[in-house]
Amino acid sequence: MTAQPAEERAPELWASLSTFAFVPSVPGPALRVMLFLLGIQEPGGRLVITQESIAEALGMKRSAVGLALQHLQFARIVWKERQGVYQLNPQVAGFPTPAEADEAIRHMNEADYLDVEDFEDRYQTAVQRHQEELKRKAVERKAPPKPPTDLAAHRRSRRERSAGQN
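Reference entry: report on the structure contained in this document.

What counts, and at which threshold
- Residues numbered from 1 in each chain as written.
- Predicted model: local features only at pLDDT ≥ 70, side-chain atom pairs only at ≥ 80, totals over all residues.
- Heavy atoms only, no water.
- Helix = DSSP H or I, 4+ residues; strand = E, 2+ residues; numbered from the N terminus.
- Rg over C-alpha atoms; globule rule 2.2 N^0.38 Å.
- Contact = heavy atoms within 4.5 Å.
- Lys, Arg positive; Asp, Glu negative; His and termini not counted.
- Charge placed at Lys NZ, Arg CZ, Asp CG, Glu CD.
- Core = buried A, V, L, I, M, F, W, Y, C linked by side-chain atoms within 4.5 Å.
- Buried < 20%, exposed > 50% of the residue type's maximum accessible area, 1.4 Å probe, protein only.
- Salt bridge = Lys/Arg side-chain N within 4 Å of Asp/Glu carboxyl O.
- Patch = residues over 30% accessible without salt bridge, like charges linked within 9 Å, V, L, I, M, F, W, Y side chains within 5 Å.
- Areas by Shrake-Rupley, 256 points an atom, 1.4 Å probe, with all protein chains shown as cover.
- Pairing = 2+ DSSP bridges.
- Axes fitted to C-alpha atoms, helices over the stretch in contact; angles between N-to-C directions.

### Looking at the overall build of the protein chain
Piece 1. Summing up its helical and strand segments, the protein chain has six helices and three strands in all.
Piece 2. Each helix and strand of the protein chain, ordered N terminal to C terminal, gives the series α-β-α-α-β-β-α-α-α.
Piece 3. The globule rule puts the C-alpha radius of gyration for 166 residues at 15 Å, and the 24 Å found for the protein chain is more than 25% above it.
Piece 4. In terms of overall dimensions, the protein chain has a C-alpha envelope of 80 × 35 × 30 Å along the principal axes.
Piece 5. Considering only intrachain contacts with a sequence separation of at least 6, the fraction spanning at least 24 residues in the protein chain is 62%.
Piece 6. Separation between the mean location of the 22 positive side-chain charges and that of the 22 negative ones in the protein chain comes to 15 Å.

What follows is the structure, given as structure tokens:
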């Protein structure tokens, strides 16, 4: 990697590194993706980039980048705003000034704070919920198909019940 001329460099941003003491035990590829995102963010932590572009820049498979981003979302380090647009948590994002960082952090939802004692537990719970949801969906896919609804019988049954109530 070569140094960029001064006029092509990204703006210098201020960030608080103390929050990284609370980063949970995310998989290694997630840390790699996080460090890359920190380096390319716009002021305030906004990122306009596709998973394919991240994968290409890091020499990773797109599926590995998708999984890494998912773990960063479970950890509340990154939020996906829409396809190709992400937002770093204000506690890790870079800002032009410390005052702007403080302002963004003050407006955060308390559930998104990273510097709390149960941060690792919240991350592990989110991962576990996701794994349980994947298992539930796998069971549903393997279940035999349900027979089609007999609409005529359903209508007769409803008529009979409503006639019995009158």
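### A word on the nonpolar core
Piece 1. Formed by 31 residues in total, the largest nonpolar core has its most connected members in Val-33, Leu-37, Ile-54, Leu-69, Leu-72, Ile-77 and Leu-88.
Piece 2. Of all the secondary-structure elements, those providing two or more residues to this core are helix H1 (28-40), helix H2 (51-58), helix H3 (62-74), strand E3 (85-88) and helix H5 (119-142).
Piece 3. Aside from chain neighbours lying at most four places away, what touches Leu-37 is Leu-47, Ile-49, Ile-54, Leu-69, Leu-72, Val-78 and Leu-88.

### Some points on the pattern of salt bridges
Piece 1. Taken as a whole and assessed by the stated rule, the structure comprises six salt bridges.
Piece 2. Across the salt bridge formed by Arg-76 and Asp-112, the nearest N and O atoms sit 3.9 Å from each other. Residue Arg-76 is found in the loop between H3 and strand E2 (78-82), and its partner Asp-112 is found in the loop between helix H4 (98-106) and H5; the two are separated by 36 residues along the sequence.
Piece 3. On the accessibility criterion, Asp-112 (16% relative accessible area) is buried.
Piece 4. Between Glu-133 and Arg-136 there is a salt bridge, with the nearest N and O atoms lying 2.4 Å from each other. In this pair, Glu-133 and Arg-136 both sit in helix H5, three residues apart, roughly one turn of the helix.
Piece 5. Take Arg-136: its relative accessible area is 38%, and that puts it in the partly exposed class.
Piece 6. Within this structure, Glu-133, Arg-136 and Glu-140 form a network of salt bridges that share partners.

### Regarding a positive patch on the surface
Piece 1. A contiguous patch of positive charge, built from Arg-155, Arg-156, Arg-158, Arg-159 and Arg-161, is present on the exposed surface.
Piece 2. Mapped onto the elements, Arg-156 comes out in helix H6 (residues 151-165).

### Quick notes on the pairing of E2
Piece 1. Judged from the four bridges that link them, E2 and E3 form a sheet pairing that is antiparallel. If you follow Trp-79 over to E3, its bridge partner there is Gln-87.
Piece 2. From the end of E2 to the start of E3, which pair antiparallel, there are two residues, and Gly-84 there has a positive phi angle of about 80°.

### Details of the sheet that holds E2
Piece 1. The sheet built from three strands is open, its strands ordered E1-E3-E2 with antiparallel pairing. Taken across any chain shown, the strands that pair with only one partner, and hence form the sheet edges, are strand E1 (46-48) and E2. Each strand axis lies, on average, 25° off the axis of its neighbour in the sheet, ignoring direction.

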